[in-house]
Amino acid sequence: SVNIFDSATRIAAQCFLTAVPLLFVFGAYAPEAMQNQVATSVSTVFGLTGGSKAQVEQAFAPASDDLRQATGLVGVLMLLLSATAVSRAVQRLCRRAWVLSRTESKVAPWRWLAWIILWLGALILQGLLHNGFGRGAELGAPVILVIQVAMWWWTQHLLLGGAVRWPPLLPGAVITAIAVSALSVTAHFYMPRALNRALAGYGPAGSVFVLLSWLIVVCVAVAIGLSVGAVLSQEPFLRRRLGTPKSPPGVPEDGERKS
């Protein structure tokens with residue numbers, strides 16, 4: 001019922017469509033120090049070198065007045081619409097994993113914006129977190145894992161509107177955090193080489209294909225992690241300890257879905 005690959009592809013596409021206006025708006029209005037920090041974070045997360053790193057730094061270069069005028073209010077509105085589309089796609093994934101209807105998981109629009117703002121803040125801090133705030137990757141790795149668990153735990157609770165209690169959401173948060181963290185390690189080996197080859201062979205269009213493919217892989221991991229977590233939390237061993245209902249919130253005790 002979750003439709004793993006369909007849900008993951010939708011989320012990846014929405015993430016990519018959000019990233020494009022985000023680059024323009026961020027480049028036009030964000031302070032220079034914040035632009036530099038985001039460029040450092042993106043390069044650190046993917047381990048970028050050479051041409052791909054130069055492309056990221058160019059994307060976040062200080063803006064000219066012409067760019068600010070071209071972006072304007074329309075660009076900001078487009079960014080908000082694209083960003084909330086990502087939130088809604090993740091909400092649908094969480095709702096399907098817990099077999100909730102639209103009315104059971106109905107949330108206020110401010111929750112979509114809150115989710116985007118928190119994840120943007122996490123993106124800005126990624127460079128510092130990976131380096132353990134200057135103390136090395138040995139400290140950064142466990143810190144990032146703990147933060148990932150907390151954010152995916154909070155994501156489910158926020159986007160489900162509190163329809164599911166906190167404890168049953170923990171397995172999905174842990175599994176998703178481990179999967180995403182493992183993929184971030186893999187990205188250091190794959191992404192720099194793949195992006196540099198794509199840029200050399202096909203230009204910026206080649207890097208678009210590489211990034212979108214990687215986003216789909218990450219979103220598949222997220223979809224599987226959240227769905228498996230929802231299932232595991234209903235197994236007898238965890239159900240007793242987490243206080244999970246005997247059937248999903250959207251399914252009566254006899255196992256039949258609500259109409």
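Residues numbered from 1 in each chain as written. Predicted model: local features only at pLDDT ≥ 70, side-chain atom pairs only at ≥ 80, totals over all residues. Heavy atoms only, no water.

Student: I'd like a description of the overall build of the chain, backed by residues and values.
Tutor: When helices and strands are counted, the chain shows 9 helices and 0 strands. Burial statistics for the chain: of 259 residues in total, 44% are counted as buried. Excluding contacts between residues fewer than 6 apart, the proportion of contacts in the chain whose partners are at least 24 apart in sequence is 76%. With an accessible surface of roughly 13,600 Å², the chain has 68% of that area assigned to carbon and sulfur atoms. (Helix = DSSP H or I, 4+ residues; strand = E, 2+ residues; numbered from the N terminus. Buried < 20%, exposed > 50% of the residue type's maximum accessible area, 1.4 Å probe, protein only. Contact = heavy atoms within 4.5 Å. Areas by Shrake-Rupley, 256 points an atom, 1.4 Å probe, with all protein chains shown as cover.)

Student: Before we move on, can you summarise the packing of helix α2 (residues 32-46) against helix α7 (residues 166-202) with the specific residues and values?
Tutor: Close contact between α2 and α7 brings their axes to 6 Å; oriented N to C, the two are set at 90°. It follows that α2 is roughly perpendicular to α7 by the angle criterion. Across the interface between the two elements, T44, V45 and F46 of α2 pack against S184, A187, H188, M191 and P192 of α7. For the contact of α2 with α7, the class distribution of residues is 5 nonpolar, 3 polar and no charged. (Axes fitted to C-alpha atoms, helices over the stretch in contact; angles between N-to-C directions. Parallel < 35°, antiparallel > 145°, perpendicular 65-115°, else oblique. Nonpolar A, V, L, I, M, F, W, Y, C, P; charged D, E, K, R; others polar.)

Student: Account for α7, with residues named and values stated.
Tutor: Taking 1.5 Å as the rise per residue, α7 with 37 residues should run 54 Å; its terminal C-alpha atoms sit only 47 Å apart, a clear shortfall. Along α7, the helix axis deviates most sharply at A187, where the bend reaches about 45°. Positive backbone phi, at 80°, marks G203, one or two positions downstream of α7. (Expected span 1.5 Å × (residues − 1). Bend = angle between axes of the 7 residues up to and from the residue.)

Student: I'd like to hear about the side chain of S181, residue by residue, with values.
Tutor: On the secondary structure map, S181 appears in helix α7. There is a polar contact of 2.8 Å between the side chain of S181 and the backbone oxygen of A177. Non-local contacts of S181, meaning those with residues more than four positions away in its chain, are made with L145 and Q148. (Polar contact = N/O pair within 3.5 Å; in protein donor to acceptor, adjacent residues only side chain to side chain.)

Student: If you had to explain the packing of aromatic side chains to someone new, which residues and values would you point to?
Tutor: Geometrically, a pair of aromatic rings is defined through the distance of the ring centres and the angle of the planes. Inspection of every chain in the model, using the stated rule, returns 4 aromatic pairs. Ring centres of W119 and W152 lie 5.0 Å apart, and the angle between their planes is 55°; this geometry places the pair in the tilted category. Remark: W152 occurs in helix α6 (residues 137-159) and W119 occurs in helix α5 (residues 109-130); sequence separation between them is 33 residues. Of the residues examined, W152 reaches a relative accessible area of 8% and is grouped as buried. Counting every residue linked through ring pairs, the aromatic cluster contains W115, W119 and W152. Directly above the aromatic system of W112 lies the positively charged group of R88, at a separation of 5.4 Å from the ring centroid. It is R241 that lies over the ring of F237; its NZ or CZ is 3.8 Å from the centre. (Phe/Tyr/Trp six-rings, centres within 6.5 Å; stacked < 30°, edge-to-face > 60°. Lys NZ or Arg CZ within 6 Å of the ring centre and 35° of its normal.)

Student: An account of the nonpolar core is needed here, citing residue identities and associated values.
Tutor: Most often, soluble globular proteins keep nonpolar side chains buried together rather than apart. Grouped together as the largest cluster of nonpolar side chains are 33 residues, with contacts concentrated most on V90, L93, W98, W115 and L160. Taken together, the elements giving at least two residues each to this core come down to α1 (4-29), α4 (65-97), α5, α6, α7 and α8 (204-232). A total of 7 residues in this core trace back to one element, the largest contributor, which is α4. Contacts of L160, omitting those with residues within four sequence positions, involve C94, R95, W98, L100, E104, S105, V107 and L169. Membership of the second largest hydrophobic core comes to 21 residues, among which are V38, V42, L79 and V218. (Core = buried A, V, L, I, M, F, W, Y, C linked by side-chain atoms within 4.5 Å.)

Student: So what's going on with the environment of A163? Residues and values would help.
Tutor: In this structure, A163 sits in the loop between α6 and α7. Contacts of A163, omitting those with residues within four sequence positions, involve L100 and E104.

Student: Describe the confidence of the model for the chain, naming the residues involved and giving the relevant values.
Tutor: Parts of the model with low pLDDT should not have their predicted coordinates read in detail. Mean pLDDT over the chain works out to 83, with 84% of the residues at or above the 70 mark. Across the chain, the element-wise mean pLDDT spans from 77 in α4 up to 93 in α8. Low confidence marks residues 254-259, where pLDDT is under 50. Its contacts with residues over four positions away, or in another chain, come to 10 contacts. (pLDDT = per-residue confidence, 0-100.)

Student: Describe the pattern of salt bridges, listing the residues and the values that go with them.
Tutor: Considering all chains together, one arrives at 2 salt bridges under this definition. Put simply, R10 and D6 hold a salt bridge, and the shortest N to O gap is 3.3 Å. Of this pair, R10 and D6 are both found in helix α1, 4 residues apart, which corresponds to roughly one turn of the helix. D6 is the partner of R96 in a salt bridge, and the nearest nitrogen-oxygen pair spans 4.0 Å. Of this pair, R96 sits in helix α4 while D6 sits in helix α1; the two residues are 90 residues apart in sequence, bridging distant segments of the chain. Look at D6 and you get partly exposed, because its relative accessible area is 34%. (Salt bridge = Lys/Arg side-chain N within 4 Å of Asp/Glu carboxyl O.)

Student: Could you give an account of the environment of Q156, naming the residues involved and the relevant values?
Tutor: Among the structural elements, Q156 can be located in helix α6. Residue classification places Q156 among the buried residues on the basis of a relative accessible area of 3%. For the pair Q156 and L93, spaced 63 residues apart in sequence, the C-alpha to C-alpha distance is 9.6 Å. Look past the residues within four positions of Q156 in its chain and what remains in contact with it is C94, W98, L169, G172, A173 and L226. Separated by 3.1 Å, the side chain of Q156 and the backbone oxygen of L169 make a polar contact.

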